[in-house]
Amino acid sequence: MERKVSSTFHLLRLTYGIVPIVAGADKFVGLLTDWSGYLGPIALQLLPFSPQAFMYLVGVIEIAAGILVLVRPRIGAFVVSAWLLAIAVNLVLGGFFDIAVRDVVMAIGAFALGRLAMVHAGERAHAAAPMRPARAHG
């Protein structure tokens, strides 16, 4: 059972690490889509700078979040989960309900990764703990 948890953990860790890095990098090159087109009207009104400048900032955050998942999955997974929920809220406000649902599902997956990371860390700590002799109760 531990092996299945471990392989699932590593698969999700790679997925939630690499995908934000790729999406973040694409904010700079725009090969996948015009990301600023997904900004909701409220976000556009509140921005103190251009939508493209905001996308550059988003790209940096996404790259950092992806790296955090790869390096510290117990923290990074929850950061990515919260980030995806924030994106979903923006998408709902912009009327992109179908994409918002996808991002909520991805946020749930990232949250599950965070929980798996906690289990995985506990298993590693348990395996590394030295065996102690049982105490005599008398």
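For the structure itself, consult the block above.
Just so it is clear, the structure is predicted and the values come from calculations on it, not from any experiment.

Engineer: Explain the pattern of salt bridges to me, please; I cannot follow it from the model alone.
Structural biologist: Proximity of charged atoms lets side chains of opposite charge pair with each other. Under the criterion given, the structure shown has 2 salt bridges. Here K27 ties to E62 by a salt bridge, and the two come within 2.7 Å at their closest N and O atoms. Note that K27 is positioned in helix α1 (residues 2-29) and E62 in helix α3 (residues 51-71), a separation of 35 residues in sequence. For R102, the salt bridge is made with D103, and the minimal N-O distance between the two is 2.8 Å.

Engineer: For this particular structure, what's the right way to read the packing of aromatic side chains?
Structural biologist: The way to describe two aromatic rings as a pair is by their centre distance and the angle between their planes. Counted according to the given criterion, the structure contains 4 aromatic pairs. Relative to Y56, the ring of F28 has its centre 5.2 Å away and its plane inclined at 10°; by these criteria the two rings are stacked. Here F28, found in helix α1, pairs with Y56, found in helix α3; they are 28 residues apart in sequence, far enough to count as distant. The class for Y56 is partly exposed, based on a relative accessible area of 36%. Ring centres 5.3 Å apart and planes at 70° place the aromatic pair F78 and F111 in the edge-to-face group. In this pair, F78 is assigned in helix α4 (residues 73-93) and F111 in helix α5 (residues 97-128), connecting sequence segments 33 residues apart. The partly exposed category is assigned to F78, whose relative accessible area is 27%. What makes F111 partly exposed here is its relative accessible area of 41%. The ring centre of W35 lies 3.5 Å from the NZ or CZ of K27, which sits over that ring.

Rules used in this analysis
- Residues numbered from 1 in each chain as written.
- Predicted model: local features only at pLDDT ≥ 70, side-chain atom pairs only at ≥ 80, totals over all residues.
- Heavy atoms only, no water.
- Salt bridge = Lys/Arg side-chain N within 4 Å of Asp/Glu carboxyl O.
- Helix = DSSP H or I, 4+ residues; strand = E, 2+ residues; numbered from the N terminus.
- Phe/Tyr/Trp six-rings, centres within 6.5 Å; stacked < 30°, edge-to-face > 60°.
- Buried < 20%, exposed > 50% of the residue type's maximum accessible area, 1.4 Å probe, protein only.
- Lys NZ or Arg CZ within 6 Å of the ring centre and 35° of its normal.

By themselves these figures say nothing about function.
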